[in-house]
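Chain and residue survey
Each chain, written out:
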Amino acid sequence: MTLAPWHTNRNREQLRTPTVIDLPLAMGHSAPKSLNASSDPVSYICSCGGSISPSTSPPTSLLSTPGFVLLFYRYWAASPVLPASDAHLSFDIQALAAWYTQQTTSLHLGGKIRIAREGFNVTVGGSATEISKFIEACAAHWSFAGLGLGPGNTDNKGELEARQRFFKPTPGCRCVFGGKASVRVVAEATPMGVEGYAPANWERVIALSPADFHAKCHQEAKQSVLVDVRNHYESRIGYFVSPLTGEPALRPPIRRFSQWPQYVKGNLDQLKSDMGGKQILTYCTGGIRCEKGVRWMQEKLGEGETVFTLSGGIAAYLEWINSEIRRGRKTVDESLFKGKNYVFDARGAVALEAEAEPVSRCLVCDNLSDRLDKCRSDGCHLVVVVCEDCQTTDPRCCHDCRDIDDACRSSTEVVEEKRKPRPMCACEKEREDQLWAKGRVRDKKTQGWRKRERKKAENSHGCVVRSTD
(Lines give C-alpha, C1' and ligand atoms only; values in the text may rest on other atoms or scores of the structure.)
Protein backbone atom coordinates (compact mmCIF):
# COMPACT_ATOMS: atom_id res chain seq x y z
CA MET A 1 0.00 0.00 0.00
CA THR A 2 1.16 3.55 -0.72
CA LEU A 3 0.19 6.21 1.75
CA ALA A 4 -0.63 9.74 0.68
CA PRO A 5 2.07 12.27 1.68
CA TRP A 6 1.71 14.03 4.99
CA HIS A 7 4.11 15.48 7.51
CA THR A 8 3.13 16.50 11.03
CA ASN A 9 5.16 16.38 14.14
CA ARG A 10 -4.00 8.56 23.12
CA ASN A 11 -18.26 -0.34 30.99
CA ARG A 12 -15.58 -0.48 33.82
CA GLU A 13 -15.70 -4.01 35.17
CA GLN A 14 -13.29 -6.28 36.94
CA LEU A 15 -11.51 -8.52 34.43
CA ARG A 16 -10.35 -11.68 36.15
CA THR A 17 -8.06 -12.94 33.39
CA PRO A 18 -6.07 -9.94 32.15
CA THR A 19 -3.50 -10.15 29.39
CA VAL A 20 -0.36 -8.18 30.17
CA ILE A 21 2.34 -8.60 27.54
CA ASP A 22 5.44 -6.42 27.22
CA LEU A 23 7.33 -7.51 24.13
CA PRO A 24 11.01 -6.58 23.71
CA LEU A 25 11.67 -6.11 20.01
CA ALA A 26 14.01 -8.57 18.38
CA MET A 27 16.01 -5.77 16.78
CA GLY A 28 18.71 -5.09 19.35
CA HIS A 29 17.06 -1.97 20.77
CA SER A 30 17.04 -1.09 24.42
CA ALA A 31 14.73 1.24 26.27
CA PRO A 32 16.13 4.75 26.63
CA LYS A 33 16.99 5.86 30.12
CA SER A 34 14.65 8.42 31.63
CA LEU A 35 14.93 10.49 34.76
CA ASN A 36 11.91 8.74 36.21
CA ALA A 37 11.64 5.27 34.74
CA SER A 38 8.09 4.66 35.99
CA SER A 39 6.59 7.37 33.78
CA ASP A 40 6.71 8.12 30.08
CA PRO A 41 10.03 9.64 28.95
CA VAL A 42 9.97 12.95 27.08
CA SER A 43 13.12 12.47 24.98
CA TYR A 44 14.90 9.63 23.20
CA ILE A 45 17.78 8.69 20.91
CA CYS A 46 16.81 6.70 17.82
CA SER A 47 18.87 3.52 17.36
CA CYS A 48 16.88 1.99 14.50
CA GLY A 49 17.38 4.72 11.88
CA GLY A 50 13.63 5.04 11.46
CA SER A 51 13.14 8.46 12.98
CA ILE A 52 13.79 12.09 12.14
CA SER A 53 16.16 14.00 14.35
CA PRO A 54 14.56 17.03 16.01
CA SER A 55 17.40 19.10 14.55
CA THR A 56 16.57 18.24 10.94
CA SER A 57 13.97 19.83 8.73
CA PRO A 58 10.51 18.20 8.43
CA PRO A 59 10.14 15.66 5.60
CA THR A 60 8.96 16.88 2.22
CA SER A 61 7.41 13.57 1.15
CA LEU A 62 6.56 10.12 2.44
CA LEU A 63 9.74 8.71 0.90
CA SER A 64 11.87 11.06 3.02
CA THR A 65 10.13 9.93 6.19
CA PRO A 66 11.80 6.73 7.44
CA GLY A 67 9.17 5.91 10.04
CA PHE A 68 5.78 6.74 11.54
CA VAL A 69 3.76 6.63 14.72
CA LEU A 70 0.04 5.82 14.39
CA LEU A 71 -2.57 6.99 16.90
CA PHE A 72 -6.05 5.46 16.60
CA TYR A 73 -8.94 4.02 18.60
CA ARG A 74 -12.44 2.64 18.28
CA TYR A 75 -15.48 2.34 20.53
CA TRP A 76 -17.76 -0.38 19.21
CA ALA A 77 -20.92 1.57 20.09
CA ALA A 78 -19.79 4.88 18.57
CA SER A 79 -20.57 5.82 14.98
CA PRO A 80 -19.67 4.24 12.64
CA VAL A 81 -20.66 1.19 14.68
CA LEU A 82 -19.20 -2.26 14.15
CA PRO A 83 -21.43 -4.16 11.68
CA ALA A 84 -23.84 -6.63 13.28
CA SER A 85 -22.21 -9.49 11.39
CA ASP A 86 -18.95 -8.89 13.32
CA ALA A 87 -20.38 -7.78 16.67
CA HIS A 88 -20.06 -11.22 18.29
CA LEU A 89 -16.29 -11.19 17.66
CA SER A 90 -15.83 -8.12 19.86
CA PHE A 91 -16.62 -10.16 22.98
CA ASP A 92 -13.40 -12.17 22.66
CA ILE A 93 -10.97 -9.47 23.76
CA GLN A 94 -8.23 -12.01 24.52
CA ALA A 95 -8.26 -13.06 20.86
CA LEU A 96 -8.04 -9.43 19.74
CA ALA A 97 -5.10 -8.87 22.09
CA ALA A 98 -3.41 -11.95 20.64
CA TRP A 99 -3.88 -10.57 17.11
CA TYR A 100 -2.14 -7.31 18.05
CA THR A 101 0.62 -9.29 19.76
CA GLN A 102 1.20 -11.24 16.55
CA GLN A 103 1.27 -8.05 14.45
CA THR A 104 3.69 -6.15 16.69
CA THR A 105 5.98 -9.19 16.93
CA SER A 106 6.11 -10.03 13.23
CA LEU A 107 6.45 -6.40 12.09
CA HIS A 108 8.81 -5.34 14.90
CA LEU A 109 6.56 -2.49 15.99
CA GLY A 110 6.81 -0.59 19.24
CA GLY A 111 3.81 0.87 20.98
CA LYS A 112 1.05 0.78 23.57
CA ILE A 113 -2.09 -1.21 22.82
CA ARG A 114 -5.06 -1.32 25.19
CA ILE A 115 -7.98 -3.70 24.55
CA ALA A 116 -11.26 -3.42 26.46
CA ARG A 117 -14.79 -4.76 26.07
CA GLU A 118 -15.85 -1.31 24.87
CA GLY A 119 -13.18 -1.01 22.15
CA PHE A 120 -9.46 -0.41 21.66
CA ASN A 121 -6.87 2.36 22.02
CA VAL A 122 -3.67 1.96 19.99
CA THR A 123 -0.43 3.85 19.46
CA VAL A 124 2.29 2.07 17.46
CA GLY A 125 5.52 3.06 15.73
CA GLY A 126 7.80 1.52 13.13
CA SER A 127 9.46 2.03 9.77
CA ALA A 128 7.40 3.30 6.82
CA THR A 129 7.38 -0.21 5.32
CA GLU A 130 6.33 -1.89 8.57
CA ILE A 131 3.63 0.68 9.22
CA SER A 132 2.24 0.28 5.70
CA LYS A 133 2.01 -3.50 6.18
CA PHE A 134 0.35 -3.00 9.56
CA ILE A 135 -2.29 -0.68 8.08
CA GLU A 136 -3.02 -3.26 5.35
CA ALA A 137 -3.49 -5.93 8.03
CA CYS A 138 -5.77 -3.65 10.06
CA ALA A 139 -7.93 -2.74 7.06
CA ALA A 140 -8.51 -6.44 6.34
CA HIS A 141 -9.33 -7.32 9.98
CA TRP A 142 -12.91 -7.62 11.28
CA SER A 143 -12.33 -5.04 14.06
CA PHE A 144 -11.97 -2.27 11.45
CA ALA A 145 -15.10 -3.19 9.50
CA GLY A 146 -17.48 -0.35 8.72
CA LEU A 147 -14.81 2.39 8.83
CA GLY A 148 -14.45 2.70 5.05
CA LEU A 149 -10.75 1.84 5.06
CA GLY A 150 -11.00 -0.53 2.12
CA PRO A 151 -9.79 -4.12 1.83
CA GLY A 152 -6.07 -4.84 2.20
CA ASN A 153 -3.75 -3.04 -0.23
CA THR A 154 -6.18 -0.53 -1.70
CA ASP A 155 -5.32 2.19 -4.18
CA ASN A 156 -8.72 3.87 -3.91
CA LYS A 157 -8.21 7.58 -3.19
CA GLY A 158 -11.21 7.83 -0.86
CA GLU A 159 -10.11 4.81 1.15
CA LEU A 160 -6.55 6.11 1.39
CA GLU A 161 -7.86 9.42 2.71
CA ALA A 162 -10.05 7.56 5.23
CA ARG A 163 -6.99 5.64 6.44
CA GLN A 164 -5.03 8.85 6.81
CA ARG A 165 -7.79 10.40 8.93
CA PHE A 166 -8.29 7.31 11.06
CA PHE A 167 -4.67 6.34 11.79
CA LYS A 168 -3.34 9.93 12.16
CA PRO A 169 0.30 9.17 11.22
CA THR A 170 3.13 11.42 12.40
CA PRO A 171 6.92 11.03 11.99
CA GLY A 172 8.52 8.69 14.52
CA CYS A 173 9.67 5.09 14.94
CA ARG A 174 9.66 2.14 17.33
CA CYS A 175 12.30 3.77 19.54
CA VAL A 176 9.86 6.36 20.87
CA PHE A 177 8.32 3.47 22.84
CA GLY A 178 11.61 2.32 24.30
CA GLY A 179 12.03 -0.55 21.83
CA LYS A 180 9.06 -2.63 22.93
CA ALA A 181 5.35 -3.19 22.36
CA SER A 182 2.95 -3.41 25.30
CA VAL A 183 -0.37 -5.22 24.68
CA ARG A 184 -2.81 -5.16 27.59
CA VAL A 185 -6.40 -6.14 28.28
CA VAL A 186 -7.85 -3.42 30.50
CA ALA A 187 -11.18 -2.30 31.95
CA GLU A 188 -11.44 0.89 29.86
CA ALA A 189 -9.88 1.79 26.52
CA THR A 190 -8.78 4.99 28.22
CA PRO A 191 -9.51 5.25 31.94
CA MET A 192 -12.05 7.94 32.85
CA GLY A 193 -12.61 6.27 36.20
CA VAL A 194 -16.43 6.28 36.37
CA GLU A 195 -17.73 2.86 37.32
CA GLY A 196 -19.84 1.30 34.56
CA TYR A 197 -20.29 4.48 32.53
CA ALA A 198 -21.33 4.36 28.87
CA PRO A 199 -22.87 7.36 27.04
CA ALA A 200 -26.66 7.29 27.03
CA ASN A 201 -26.66 8.67 23.48
CA TRP A 202 -23.50 8.69 21.39
CA GLU A 203 -25.13 11.05 18.86
CA ARG A 204 -25.72 13.89 21.33
CA VAL A 205 -22.20 15.27 20.81
CA ILE A 206 -21.46 16.46 17.28
CA ALA A 207 -18.06 15.54 15.79
CA LEU A 208 -16.52 18.17 13.52
CA SER A 209 -13.77 17.76 10.94
CA PRO A 210 -10.71 20.00 11.50
CA ALA A 211 -11.93 22.37 8.76
CA ASP A 212 -15.42 22.59 10.27
CA PHE A 213 -14.00 23.00 13.79
CA HIS A 214 -11.81 25.87 12.54
CA ALA A 215 -14.80 27.51 10.86
CA LYS A 216 -17.04 27.02 13.90
CA CYS A 217 -14.52 28.85 16.09
CA HIS A 218 -14.84 31.86 13.77
CA GLN A 219 -18.64 32.05 13.93
CA GLU A 220 -19.72 35.33 15.50
CA ALA A 221 -23.47 34.64 15.44
CA LYS A 222 -23.27 32.58 18.62
CA GLN A 223 -20.73 32.76 21.42
CA SER A 224 -18.42 29.78 21.77
CA VAL A 225 -16.33 28.38 24.59
CA LEU A 226 -13.30 26.17 23.91
CA VAL A 227 -12.66 23.34 26.38
CA ASP A 228 -9.42 21.35 26.64
CA VAL A 229 -10.05 17.79 27.87
CA ARG A 230 -6.36 16.99 28.43
CA ASN A 231 -4.14 17.08 31.51
CA HIS A 232 -2.72 20.36 32.82
CA TYR A 233 0.88 19.60 31.84
CA GLU A 234 -0.28 18.91 28.27
CA SER A 235 -2.24 22.14 27.94
CA ARG A 236 0.67 24.09 29.42
CA ILE A 237 2.73 23.76 26.23
CA GLY A 238 -0.05 24.03 23.63
CA TYR A 239 -3.75 24.91 23.35
CA PHE A 240 -6.44 26.37 21.11
CA VAL A 241 -7.12 30.11 21.17
CA SER A 242 -10.39 31.80 20.19
CA PRO A 243 -9.90 33.86 17.00
CA LEU A 244 -12.65 36.24 18.17
CA THR A 245 -11.50 37.03 21.70
CA GLY A 246 -7.86 35.94 21.71
CA GLU A 247 -8.60 33.97 24.89
CA PRO A 248 -7.12 30.47 25.36
CA ALA A 249 -9.35 27.46 25.89
CA LEU A 250 -10.62 26.50 29.33
CA ARG A 251 -7.87 24.22 30.65
CA PRO A 252 -8.90 22.14 33.68
CA PRO A 253 -6.28 21.52 36.42
CA ILE A 254 -6.35 17.73 36.09
CA ARG A 255 -3.23 15.56 36.18
CA ARG A 256 -4.82 12.47 34.67
CA PHE A 257 -7.98 11.78 32.71
CA SER A 258 -9.60 9.92 35.61
CA GLN A 259 -9.81 13.33 37.38
CA TRP A 260 -11.97 14.81 34.60
CA PRO A 261 -15.27 13.66 36.20
CA GLN A 262 -14.14 15.14 39.53
CA TYR A 263 -13.45 18.45 37.83
CA VAL A 264 -16.85 18.54 36.11
CA LYS A 265 -18.75 17.60 39.28
CA GLY A 266 -16.78 19.95 41.51
CA ASN A 267 -17.19 22.92 39.16
CA LEU A 268 -20.59 22.12 37.65
CA ASP A 269 -22.36 25.32 38.73
CA GLN A 270 -19.55 27.48 37.35
CA LEU A 271 -19.41 25.45 34.13
CA LYS A 272 -23.16 25.84 33.64
CA SER A 273 -22.80 29.58 34.15
CA ASP A 274 -19.85 29.89 31.76
CA MET A 275 -21.28 27.59 29.08
CA GLY A 276 -25.02 28.24 29.25
CA GLY A 277 -26.43 29.08 25.83
CA LYS A 278 -23.04 28.91 24.13
CA GLN A 279 -21.48 26.58 21.58
CA ILE A 280 -19.14 24.26 23.49
CA LEU A 281 -16.12 23.24 21.38
CA THR A 282 -14.01 20.46 22.89
CA TYR A 283 -10.77 18.75 21.92
CA CYS A 284 -8.03 16.40 23.13
CA THR A 285 -4.88 14.83 21.63
CA GLY A 286 -6.35 12.29 19.22
CA GLY A 287 -10.06 12.24 20.07
CA ILE A 288 -10.46 9.27 22.40
CA ARG A 289 -10.75 11.18 25.68
CA CYS A 290 -13.44 13.41 24.20
CA GLU A 291 -15.50 10.40 23.10
CA LYS A 292 -16.69 9.56 26.61
CA GLY A 293 -15.46 12.50 28.67
CA VAL A 294 -17.32 15.14 26.67
CA ARG A 295 -20.52 13.08 26.55
CA TRP A 296 -20.33 12.64 30.31
CA MET A 297 -19.97 16.42 30.70
CA GLN A 298 -22.84 17.09 28.31
CA GLU A 299 -25.12 14.80 30.31
CA LYS A 300 -24.23 16.69 33.51
CA LEU A 301 -24.74 20.11 31.88
CA GLY A 302 -28.18 19.16 30.60
CA GLU A 303 -29.86 18.35 27.31
CA GLY A 304 -30.15 21.98 26.20
CA GLU A 305 -26.43 22.54 25.62
CA THR A 306 -24.91 22.09 22.14
CA VAL A 307 -21.55 20.34 22.39
CA PHE A 308 -19.09 19.81 19.54
CA THR A 309 -15.84 17.88 19.53
CA LEU A 310 -12.83 17.93 17.20
CA SER A 311 -12.75 14.65 15.26
CA GLY A 312 -9.24 13.20 15.37
CA GLY A 313 -8.18 15.73 17.98
CA ILE A 314 -5.21 18.07 17.80
CA ALA A 315 -3.28 15.51 15.73
CA ALA A 316 -5.85 15.74 12.93
CA TYR A 317 -6.06 19.54 13.17
CA LEU A 318 -2.28 19.96 12.85
CA GLU A 319 -2.24 17.73 9.77
CA TRP A 320 -5.09 19.73 8.22
CA ILE A 321 -3.54 23.13 8.95
CA ASN A 322 -0.16 21.89 7.63
CA SER A 323 -1.88 20.88 4.42
CA GLU A 324 -3.57 24.28 4.16
CA ILE A 325 -0.25 26.07 4.70
CA ARG A 326 1.50 23.95 2.06
CA ARG A 327 -1.22 24.83 -0.44
CA GLY A 328 -0.90 28.52 0.35
CA ARG A 329 -4.45 28.77 1.67
CA LYS A 330 -3.46 29.57 5.26
CA THR A 331 -0.49 30.95 7.18
CA VAL A 332 1.10 29.73 10.40
CA ASP A 333 -0.46 32.66 12.25
CA GLU A 334 -3.93 31.49 11.19
CA SER A 335 -3.57 28.21 13.09
CA LEU A 336 -5.88 28.31 16.12
CA PHE A 337 -3.69 25.79 17.93
CA LYS A 338 -0.71 27.51 19.48
CA GLY A 339 2.40 25.77 20.78
CA LYS A 340 3.02 22.02 20.75
CA ASN A 341 0.87 18.93 21.07
CA TYR A 342 1.99 16.70 23.96
CA VAL A 343 2.20 12.99 23.08
CA PHE A 344 2.50 10.00 25.42
CA ASP A 345 5.76 8.67 24.03
CA ALA A 346 9.41 9.69 24.11
CA ARG A 347 8.97 12.33 21.38
CA GLY A 348 7.48 14.47 24.13
CA ALA A 349 5.53 16.78 21.83
CA VAL A 350 4.97 17.47 18.13
CA ALA A 351 4.08 20.68 16.32
CA LEU A 352 3.43 22.35 12.99
CA GLU A 353 6.07 21.98 10.28
CA ALA A 354 6.81 25.70 10.38
CA GLU A 355 8.44 27.23 13.44
CA ALA A 356 6.04 28.88 15.86
CA GLU A 357 6.76 30.78 19.06
CA PRO A 358 6.38 28.74 22.28
CA VAL A 359 3.41 29.55 24.52
CA SER A 360 5.04 28.19 27.67
CA ARG A 361 7.93 29.40 29.80
CA CYS A 362 10.92 27.73 31.41
CA LEU A 363 10.24 26.78 35.02
CA VAL A 364 13.68 28.06 36.07
CA CYS A 365 14.44 31.24 34.08
CA ASP A 366 10.92 32.15 32.87
CA ASN A 367 12.07 32.55 29.26
CA LEU A 368 9.84 31.28 26.45
CA SER A 369 10.47 27.57 25.88
CA ASP A 370 8.64 24.39 24.94
CA ARG A 371 11.36 21.93 25.90
CA LEU A 372 9.95 19.21 28.18
CA ASP A 373 11.68 17.69 31.18
CA LYS A 374 10.68 15.95 34.41
CA CYS A 375 10.80 17.14 38.00
CA ARG A 376 13.93 15.51 39.42
CA SER A 377 12.38 14.66 42.79
CA ASP A 378 11.98 10.95 43.49
CA GLY A 379 8.40 9.84 42.92
CA CYS A 380 7.12 13.14 41.48
CA HIS A 381 7.32 12.51 37.70
CA LEU A 382 5.56 15.81 36.90
CA VAL A 383 6.24 17.00 33.36
CA VAL A 384 7.70 20.51 33.42
CA VAL A 385 9.09 22.99 30.89
CA VAL A 386 12.85 23.55 31.22
CA CYS A 387 14.98 25.24 28.55
CA GLU A 388 18.31 23.88 27.29
CA ASP A 389 20.33 26.34 29.38
CA CYS A 390 18.57 25.37 32.62
CA GLN A 391 18.39 21.59 32.19
CA THR A 392 21.54 21.08 34.29
CA THR A 393 20.19 23.07 37.26
CA ASP A 394 18.39 20.14 38.89
CA PRO A 395 14.88 21.46 38.09
CA ARG A 396 11.97 20.72 40.45
CA CYS A 397 8.29 21.49 40.01
CA CYS A 398 8.39 23.70 43.13
CA HIS A 399 10.67 24.48 46.10
CA ASP A 400 8.45 22.39 48.38
CA CYS A 401 9.03 19.34 46.18
CA ARG A 402 12.79 19.79 46.56
CA ASP A 403 12.43 20.09 50.37
CA ILE A 404 10.31 16.92 50.50
CA ASP A 405 12.88 15.08 48.39
CA ASP A 406 15.76 16.22 50.61
CA ALA A 407 13.84 15.21 53.75
CA CYS A 408 13.04 11.77 52.37
CA ARG A 409 16.65 11.14 51.36
CA SER A 410 18.04 12.22 54.74
CA SER A 411 15.50 10.27 56.78
CA THR A 412 16.86 7.28 58.73
CA GLU A 413 13.38 5.91 59.45
CA VAL A 414 13.06 2.23 58.53
CA VAL A 415 9.84 1.44 56.66
CA GLU A 416 8.97 -2.24 56.66
CA GLU A 417 7.52 -4.09 53.65
CA LYS A 418 6.72 -1.02 51.55
CA ARG A 419 7.95 2.50 50.97
CA LYS A 420 6.25 5.28 52.91
CA PRO A 421 3.89 7.29 50.63
CA ARG A 422 5.38 10.55 49.37
CA PRO A 423 3.58 13.70 50.55
CA MET A 424 1.96 15.94 47.95
CA CYS A 425 4.06 19.02 47.18
CA ALA A 426 2.82 22.64 47.24
CA CYS A 427 2.17 23.06 43.51
CA GLU A 428 0.23 19.79 43.40
CA LYS A 429 -1.82 20.86 46.44
CA GLU A 430 -2.65 24.13 44.69
CA ARG A 431 -3.75 22.25 41.57
CA GLU A 432 -5.83 19.83 43.63
CA ASP A 433 -7.54 22.76 45.39
CA GLN A 434 -8.53 24.13 41.98
CA LEU A 435 -9.67 20.70 40.85
CA TRP A 436 -11.89 20.20 43.89
CA ALA A 437 -13.33 23.74 43.78
CA LYS A 438 -11.36 24.57 46.95
CA GLY A 439 -14.15 24.33 49.54
CA ARG A 440 -15.07 20.74 48.78
CA VAL A 441 -14.17 18.21 51.47
CA ARG A 442 -12.41 15.07 50.34
CA ASP A 443 -10.53 12.18 51.85
CA LYS A 444 -6.85 12.86 52.42
CA LYS A 445 -4.65 11.02 49.93
CA THR A 446 -1.00 11.13 48.98
CA GLN A 447 0.83 10.35 45.79
CA GLY A 448 1.12 6.59 45.37
CA TRP A 449 -2.42 5.74 46.48
CA ARG A 450 -3.40 4.65 42.97
CA LYS A 451 -0.62 2.06 42.91
CA ARG A 452 -1.66 0.70 46.32
CA GLU A 453 -5.32 0.49 45.29
CA ARG A 454 -4.36 -1.28 42.06
CA LYS A 455 -2.25 -3.78 44.00
CA LYS A 456 -5.12 -4.37 46.42
CA ALA A 457 -7.50 -5.00 43.51
CA GLU A 458 -5.01 -7.39 41.91
CA ASN A 459 -4.70 -9.41 45.11
CA SER A 460 -8.47 -9.46 45.72
CA HIS A 461 -9.74 -10.13 42.20
CA GLY A 462 -6.83 -11.43 40.14
CA CYS A 463 -7.31 -8.34 38.00
CA VAL A 464 -5.08 -5.48 36.94
CA VAL A 465 -6.70 -2.16 36.01
CA ARG A 466 -3.97 -0.04 34.44
CA SER A 467 -3.87 3.69 33.78
CA THR A 468 -2.71 4.85 30.34
CA ASP A 469 -3.70 8.51 30.51
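Calculation criteria
- Residues numbered from 1 in each chain as written.
- Predicted model: local features only at pLDDT ≥ 70, side-chain atom pairs only at ≥ 80, totals over all residues.
- Heavy atoms only, no water.
- Helix = DSSP H or I, 4+ residues; strand = E, 2+ residues; numbered from the N terminus.
- Buried < 20%, exposed > 50% of the residue type's maximum accessible area, 1.4 Å probe, protein only.
- Areas by Shrake-Rupley, 256 points an atom, 1.4 Å probe, with all protein chains shown as cover.
- Pairing = 2+ DSSP bridges.
- Axes fitted to C-alpha atoms, helices over the stretch in contact; angles between N-to-C directions.
- Phe/Tyr/Trp six-rings, centres within 6.5 Å; stacked < 30°, edge-to-face > 60°.
- Disulfide = S-S within 2.5 Å.
- Contact = heavy atoms within 4.5 Å.
- Salt bridge = Lys/Arg side-chain N within 4 Å of Asp/Glu carboxyl O.

Under an unreviewed UniProt entry, the name given to the protein is Rhodanese domain-containing protein, and the source organism is Pleomassaria siparia CBS 279.74.

For the protein, the count of helices and strands is 13 helices and 16 strands. Among the 469 residues that make up the protein, the fraction classed as buried is 53%. For the protein, the exposed area adds up to about 21,300 Å²; of that, 49% sits on carbon and sulfur atoms.

Another aspect to go through is the pairing of strand 6 (residues 180-185). Burial analysis of strand 6 places five of its six residues in the buried class, the great majority of the element. In this sheet, strand 6 lies alongside strand 3 (residues 110-116) in parallel orientation, the contact comprising five bridges. Across the sheet, Gly111 pairs through a bridge with Ala181, a residue of strand 6.

Turning our eyes to something else, we now look at unusual backbone geometry. For the bond from Ser79 to Pro80, the omega torsion is -5°, close enough to zero to count as cis. If you trace the backbone, Pro80 turns up in the loop between strand 2 (67-75) and helix 1 (84-87). For Lys168, which is not glycine, the phi dihedral falls at a positive 50°. Residue position: Lys168 is located in the loop between helix 4 (157-167) and strand 5 (170-171). Classification of Lys168 by relative accessible area gives buried; the value is 9%. The backbone of Asp366 shows a phi angle near 70°, a positive value even though the residue is not glycine.

The next thing to look at is the sheet that holds strand 8 (residues 224-228). The strand order 7-11-10-8 describes an open sheet built from four strands, whose pairing is parallel. Of all the strands in the sheet, the pair left with one neighbour each is strand 7 (206-208) and strand 8. Averaged over neighbouring strand pairs, the angle between their axes works out to 30° when direction is ignored. Summarising the sheet, strand 10 (residues 279-283) and strand 11 (residues 306-310) pair through four bridges and their orientation is parallel.

The final tally for this structure, using the stated rule, is 24 aromatic pairs. With centroids separated by 4.6 Å and ring planes inclined at 65°, the aromatic side chains of Phe240 and Tyr283 adopt a geometry described as edge-to-face. Residue Phe240 is found in strand 9 (residues 238-240), and its partner Tyr283 is found in strand 10; the two are separated by 43 residues along the sequence. Residue class for Phe240 comes out buried when judged on its relative accessible area of 0%. Look at Tyr283 and you get buried, because its relative accessible area is 0%. Among the aromatic residues, those joined into a ring-pair cluster are Phe72, Trp76, Trp99, Tyr100, Phe120, Phe134, Trp142, Phe144, Phe166 and Phe167.

With that settled, the discussion passes to the state of the cysteines. Applying the stated criterion across every chain, the model contains zero disulfides. Lacking any disulfide linkage, Cys375 is separated from the closest cysteine sulfur, that of Cys380, by 3.7 Å. For Cys375, a relative accessible area of 0% corresponds to the buried category. In this model Cys425 remains outside any disulfide bridge; the closest cysteine sulfur is found in Cys427, 3.6 Å from its own.

So, on to the environment of Asp370. Inspection of the secondary structure assignment puts Asp370 in the loop between strand 14 (349-350) and strand 15 (372-374). A C-alpha to C-alpha distance of 10.0 Å links Asp370 and Glu388, two positions 18 residues apart in sequence. Not counting residues up to four positions away in its chain, the partners in contact with Asp370 are Lys340, Pro358, Ser360 and Val385.

Here we come to the pattern of salt bridges. Inspection of every chain in the model, using the stated rule, returns 20 salt bridges. Close ionic contact of Lys292 with Glu118 constitutes a salt bridge, the shortest N to O distance being 3.0 Å. Note that Lys292 is positioned in helix 9 (residues 288-301) and Glu118 in the loop between strand 3 and strand 4 (119-127), a separation of 174 residues in sequence. For the pair shown, Lys292 and Glu118 are each scored as buried. Where Glu432 meets Arg431, a salt bridge forms, and the shortest distance between an N and an O atom there is 2.8 Å. The exposure classification of Glu432 matches that of Arg431, with both residues buried. If you follow the salt bridges from partner to partner, you end up with Arg255, Glu428, Arg431 and Glu432 in one network.

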